[in-house]
Amino acid sequence: MPENHSEIICQGIAASSGYAIGRVCFVRQEEGFYIEPVDSTISESAVADEISHFHAALDAARNEILHLQNELRRKADAHDVGIFDAQLLITDDQLLTREVEQMISNQLKPADYAFFKVVEKFVAAISVMPDNYIKERTADIRDVAARILNHLQRRSDSSMDYDDQRIILAHDLTPSDTAALDRRRVLGFAVETGSTTSHTAILARSMQLPAVLGIPGDFFEQVKDNDMLILDGYSGKLILHPTRETEAEYRRKAEETLIFFHKLADEKRLSAETCDGFVLQLSGNIEKVEDIETVHEFGGVGIGLFRSEYMFLNASGLPNEEEQLDIYCEMLAKMKNEPVVVRTLDIGGDKLDQALQRYAEPNPFLGLRGIRFCLRERPDILRTQLRALLRAGIFGNLKVMLPMVTCVEEIIEVKKLISQLQEELHYEHIEHALHLPIGAMIETPAAALLAGPLAKVVDFFSIGTNDLVQYTLAVDRTNERLNYLDMPTHPAVLTLIANCIAVARKHNIPVSVCGQIAGDPRFTPLLVGLGVNELSMPPAMLGPVRRVIRKLQMADAELAAMEVLECETSAKALEISMKMLRDAAPEIAELIVPENK
Ligand code: PEP
Ligand code: MG
């Protein structure tokens, strides 16, 4: 008997546009389960992957424990904190690690099963010891083992035993979880955490997966696996148990949007030129080489931001110089002579890599992130990356961009390192670029205010508005509760952007915007009017943004931008840009911009 449900509508944060209509796959991530995993056999070719999966789970658990320890340190006494030291000993235990590895490679057992069996062997050995204190440690061991097991079994789509495509519902998906989603099996996803500029949202846009974040927790209690759901990535709405009429309406909307996007794709060879002849460069933001296909598909000219950290986040080990060289060369070959901007490793913030960061920071967004991490914590990684980039530089139009810059010294230090590496390569008779353009990301208020001195030491600027908003407005970009304050048109943010553009012009260096607003048509008139040279965005947004630019008059956009800079509130500034959008390209305003944005 089919159940009779009425429609339930839930409002979240629109994070990645598109409609998904289908059945739910609930990815549960409860912690603490400690039951024997299924015994099965893996193939020999899967052994290496299984072992690295095991190490990633150990690293993830270690990081969580360090974090808990830090939290507790603030609230409890040293004795309680010591409990976690004992747990850390387990994550670092060489004997246990070796035994698990052997069981995986010799007996071809999956990592979770091998780990469970080895832990239980240890526990059995300890339980027969006469010392009560040691015996009691079995609870600690099982506690930490449950944590590790949870990571081992938490492959984002491992619970997807379905033949059809599904909408994923989860309390949380990390950027790595998101990157691991199989596009062919997933229609879209909705999670409780995150906001529009969190890296989970960024990845969803890159993967062209409709996504809604910031779903209220109580909504999850009303959903079951297999329930019918509509996910509206434009407005941030979820509609559970849609009526036949609602479903038909959304299917029509989805169809219309598809047709419209195809039409826009026909314009991909047209330049992004305003009616009065000002040309902008529209390029793509990518996270992996394969994304270049979509940049071509939507007519992007160059790569304005390659987030190289995803090379590190998804790899089982650190990519070495040769591996990186191959990746950069492949990108350059695919892009012919178009510019490719590679951002050096930007680890930290919400892009914590368990394998790289062996400590938990109390304030990761204000910690050793981006260029700080590379210069202070892992100069070896930076050296390898820069050597690979210098070598790749002779094969195309390659530029290097540094993330999270706050002072001139950071640029000078990197440039010194580049000179040293060039000398090194010269003595090793390895071909390399003699000049590699270096750019600074302007994503901290310090960098924006220091644009003058920075312009003297770099070849270009790229404004990272995701972080610039976060750091200027003191708004954690991953916190869904602060979404209402995530305002790129805040007068303080616009003053910094305008300053940066004015300085770049004065010093005759190009300036681009590569934060999320570059691919959001609501801000296109404003950014054009402010005078940026380039907009770099998720490839799928190239069509709509190009259409808007081609319908704008630069003279009008400049006037509007001047007016915007006088505004005292974000809402007023946004209204002016939106009005220009509606006047110039109403079809984009209607289809792309949700009514409640
Ligand atoms: C930004 O901060 O705007 C940016 C483009 O970098 P990311 O989103 O990767 O931090
Ligand atoms: Mg950033």
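Residues numbered from 1 in each chain as written. Chains lettered and ligands numbered in written order. Predicted model: local features only at pLDDT ≥ 70, side-chain atom pairs only at ≥ 80, totals over all residues. Heavy atoms only, no water.

**Q** Looking at this model, I keep getting lost on the coordination of the magnesium ion (ligand 2). Mind explaining?
**A** Put simply, the ideal angle at a metal is 109.5 degrees for four donors in tetrahedral geometry and 90 or 180 degrees for six donors in octahedral geometry. Only Glu 443 (OE) and Asp 467 (OD) from the protein coordinate the magnesium ion (ligand 2), and they sit 2.0 to 2.1 Å from it. Here Glu 443, found in the loop between strand S14 (438-442) and helix H16 (445-449), pairs with Asp 467, found in helix H18 (residues 465-473); they are 24 residues apart in sequence, far enough to count as distant. The pair formed by Glu 443 and Asp 467 is uniform in burial state, with each residue classed as buried. (Donors = N, O, S within 2.8 Å, 3.2 Å for Na, K, Ca; no water. Helix = DSSP H or I, 4+ residues; strand = E, 2+ residues; numbered from the N terminus. Buried < 20%, exposed > 50% of the residue type's maximum accessible area, 1.4 Å probe, protein only.)

**Q** Any chance you could explain the confidence of the model for the protein chain here in plain terms?
**A** The predicted coordinates of low-pLDDT regions are not to be read in fine detail. Per-residue confidence for the protein chain averages 88 on the pLDDT scale, and 89% of its residues sit at or above 70. Low pLDDT, under 50, characterises residues 155-159; the stretch is placed with 13 contacts to residues that sit more than four places away or in other chains. (pLDDT = per-residue confidence, 0-100. Contact = heavy atoms within 4.5 Å.)

**Q** Help me understand the site of ligand 1, please; the structure alone is not making it clear to me.
**A** Arg 307, Arg 343, Gly 464, Asn 466 and Arg 477 are the nearest of the 17 residues found near ligand 1. Note that an oxygen atom of ligand 1 is positioned 2.8 Å from one of the side-chain N or O atoms of Arg 343. Residue Thr 465 places a main-chain N or O atom 3.1 Å away from an oxygen atom belonging to ligand 1. Contact with the protein chains hides 100% of the accessible area of ligand 1, taken as 290 Å² for the molecule alone. Counting only elements with at least two residues in the shell around ligand 1, the list comes to helix H7 (199-206), strand S11 (303-307) and H18. Ranked by residue count, the leading element in the shell around ligand 1 is H18, at three residues. Looking at the shell around ligand 1 residue by residue, the classes come out as four nonpolar, five polar and eight charged. (Near = heavy atom within 4 Å. Polar contact = N/O pair within 3.5 Å; in protein donor to acceptor, adjacent residues only side chain to side chain. Areas by Shrake-Rupley, 256 points an atom, 1.4 Å probe, with all protein chains shown as cover. Nonpolar A, V, L, I, M, F, W, Y, C, P; charged D, E, K, R; others polar.)

**Q** What's the story with the pattern of salt bridges in this structure? I'm lost.
**A** Throughout the structure, instances matching the rule amount to 28 salt bridges. Here Glu 322 and Arg 391 are joined by a salt bridge, their closest N and O atoms 2.9 Å apart. You can see Glu 322 sitting in helix H12 (residues 321-334) and its partner Arg 391 sitting in helix H14 (residues 379-392), a full 69 residues away along the chain. Arg 343 serves as the salt-bridge partner of Asp 346, at 3.6 Å between the closest nitrogen and oxygen. No difference in accessibility class separates Asp 346 from Arg 343, as the two residues are buried. A single salt-bridge network, built from bridges that share partners, covers Glu 321, Glu 322, Arg 383, Arg 387, Arg 391, Glu 424 and Glu 428. (Salt bridge = Lys/Arg side-chain N within 4 Å of Asp/Glu carboxyl O.)

**Q** Would you explain the pairing of S14 in this entry?
**A** When a strand is regular, its side chains alternate between the sheet's two faces. Counting buried residues in S14 gives five out of five residues, a clear majority hidden from the surface. Residues Ile 438, Ala 440 and Ile 442 point to one face of S14 and Gly 439 and Met 441 to the other, with burial holding for every one of them. Two strands pair when backbone bridges link them, and strand S13 (residues 398-402) and S14 are joined in this way by three bridges, in the parallel orientation. Each residue of the ladder has a partner; that of Leu 402, found in S14, is Ala 440. Running through helix H15 (residues 408-427), the crossover from S13 to the neighbouring parallel element S14 is right-handed. (Pairing = 2+ DSSP bridges. Right-handed = clockwise from strand over helix to strand, strands pointing away.)

**Q** Would you mind showing me how to read the sheet that holds strand S5 (residues 186-191) here?
**A** Read from one edge of the open sheet, eight strands run S1-S8-S7-S3-S4-S5-S6-S2, paired in mixed fashion. Edge strands, defined here as strands with exactly one partner in the open sheet, are strand S1 (8-11) and strand S2 (13-16). The average angle at which neighbouring strand axes cross in this sheet is 30°, direction not considered. Where strand S4 (residues 166-170) and S5 come together, five bridges link them in parallel fashion. Residue pairing across strands places Leu 169 opposite Ala 190, the latter belonging to S5. Most of the contacts of H7 go to S2, to which it runs at about 50°, and overall it touches S2, S5 and strand S6 (211-213). Against the sheet, helix H9 (residues 244-266) touches strand S3 (19-27), strand S7 (228-232) and strand S8 (237-240), its axis set at about 115° to S3. (Axes fitted to C-alpha atoms, helices over the stretch in contact; angles between N-to-C directions.)

**Q** Please explain unusual backbone geometry as it appears in this structure.
**A** As a rule of thumb, non-glycine residues mostly have phi less than zero, and peptide bonds are mostly trans rather than cis. The phi dihedral of His 241 falls on the positive side, at around 50°, and the residue is not glycine. With respect to the element layout, His 241 can be found in the loop between S8 and H9. You will see that Ala 474, though not glycine, has its phi angle at about 55°, which is positive. With respect to the helices and strands, Ala 474 occurs in the loop between H18 and helix H19 (491-506).

**Q** For this particular structure, what's the right way to read the packing of H14 against H15?
**A** The geometry of a pair of packed helices is captured by two quantities: the angle between their axes and the separation between those axes. It is the contact of H14 with H15, at a shortest axis distance of 10 Å, that shows an interaxial angle of 60°. Overall, the two elements H14 and H15 adopt an arrangement that is oblique. In the crossing of H14 with H15, the sense of the turn from one axis to the other is right-handed. Contacts between H14 and H15 pair Leu 382, Arg 383, Leu 386, Arg 387, Leu 390 and Arg 391 from the former with Val 414, Leu 417, Ile 418, Leu 421, Gln 422, Glu 424 and Leu 425 from the latter. (Parallel < 35°, antiparallel > 145°, perpendicular 65-115°, else oblique. Left-handed = near helix turned anticlockwise from the far one by under 90°.)

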